[in-house]
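Summary of structural features
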Amino acid sequence: MGSAGIFCYSVQVGYFPPQSFIEPGKLIMKNNIRVERAIKNITQGELAEQIGVSRQTINAIESNKYVPSTILALKIAGVFGKQLEHIFTLEEGD
């Protein structure tokens with residue numbers, strides 16, 4: 001008889017504070033959600049409704065004041081039918 005194996009992976013979880021102030025040389029996450037919404041002709045409210053958040057959350061993400069969770073970022077990319085890296089990019093801060 002075969003043996004069953006158990007695999008355990010360690011995941012490091014961290015907290016990313018709002019990006020209201022950014023230290024020089026730090027990476028920041030930018031996005032093109034506003035452009036994608038315009039192409040799809042949907043409002044912040046409509047996008048928010050589709051992914052289950054408030055319009056204010058979409059506004060904060062678009063304004064780079066809030067970095068979305070991985071799940072939320074994937075949901076947003078899914079609405080636009082794009083890969084995550086086509087919606088969100090990392091850039092060096094000033």
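The preceding data block contains the structure.
Chains are numbered independently. Their residues run from 1 in the order of the written sequence. Totals for whole chains, interfaces and linings use every residue, but because this is a predicted model, local features are given only for residues with pLDDT of at least 70 and side-chain atom pairs only at 80 or more, for both listing and counting. Remark: hydrogens and water are excluded; side-chain values derive from all non-hydrogen atoms of the structure.

1. Some thoughts on the overall build of the chain
Keep this limit in mind: Runs of E in the DSSP output that reach at least two residues are strands. Runs of H or I that reach at least four are helices, and both are numbered from the N terminus. Between buried and exposed lies partly exposed: a residue is buried under 20% and exposed over 50% of the maximum accessible area for its type, with that area taken using a 1.4 Å probe on protein chains only. Every residue pair with non-hydrogen atoms within 4.5 Å of one another is taken to be in contact. Every accessible area reported is derived by Shrake-Rupley at a probe size of 1.4 Å, with residue values counting cover from the shown protein chains alone.
A tally of helices and strands in the chain yields five helices and two strands. Listed by position from the N terminus, the elements making up the chain come as β-α-α-α-α-α-β. Per-residue burial over the chain gives 27% buried out of 94 residues. Partitioning the contacts of the chain with sequence separation of at least 6, the portion at a separation of at least 24 is 63%. Carbon and sulfur atoms make up 56% of the accessible area of the chain, which totals about 7,100 Å².

2. Let's talk about unusual backbone geometry
Backbone geometry places N41, a non-glycine residue, at a positive phi of 60°. The residue N64 is not glycine, and still its phi comes out positive at about 60°. With respect to the helices and strands, N64 occurs in the loop between α3 (55-62) and α4 (70-80). Accessibility expressed as a relative area gives 24% for N64, which makes it partly exposed.

3. Considering the packing of helix α2 (residues 44-51) against α3
To keep it simple, the criterion reads: Simply put, an axis is a line fit to the C-alpha atoms, just over the touching stretch for a helix, and the angle between two N-to-C directions goes from 0 to 180 degrees. Roughly parallel means an angle under 35 degrees; roughly antiparallel means over 145; roughly perpendicular covers 65 to 115; every other angle is labelled oblique.
As a packed pair, α2 and α3 sit with axes 8 Å apart at the nearest point and diverge in direction by 110°. What the angle tells us is that α2 and α3 run roughly perpendicular. Along the contact surface, α2 presents Q44, G45, L47, A48 and I51, while α3 presents R55, I58, N59 and E62.

4. Some points on the pattern of salt bridges
Close approach of charged atoms allows side chains of opposite charge to pair. So the rule is basically this: Definition used for salt bridges: Asp or Glu carboxyl oxygen within 4 Å of a side-chain nitrogen of Lys or Arg.
Tallied over the full model, the rule gives three salt bridges. A salt bridge links E36 to K82; its shortest N-O distance comes to 3.1 Å. Of the two residues, E36 sits in helix α1 (residues 33-40) while K82 sits in the loop between α4 and α5 (84-87), which places them 46 residues apart along the sequence. Ionic pairing is found between E62 and R37, a salt bridge with its closest N-O pair at 2.5 Å. Of this pair, E62 sits in helix α3 while R37 is found in helix α1, placing the two residues 25 residues apart along the sequence. The class of E62 is buried, set by a relative accessible area of 5%. On the basis of relative accessibility, which here comes to 12%, the residue R37 falls in the buried class. Where salt bridges share partners, they join R34, R37 and E62 into one cluster.

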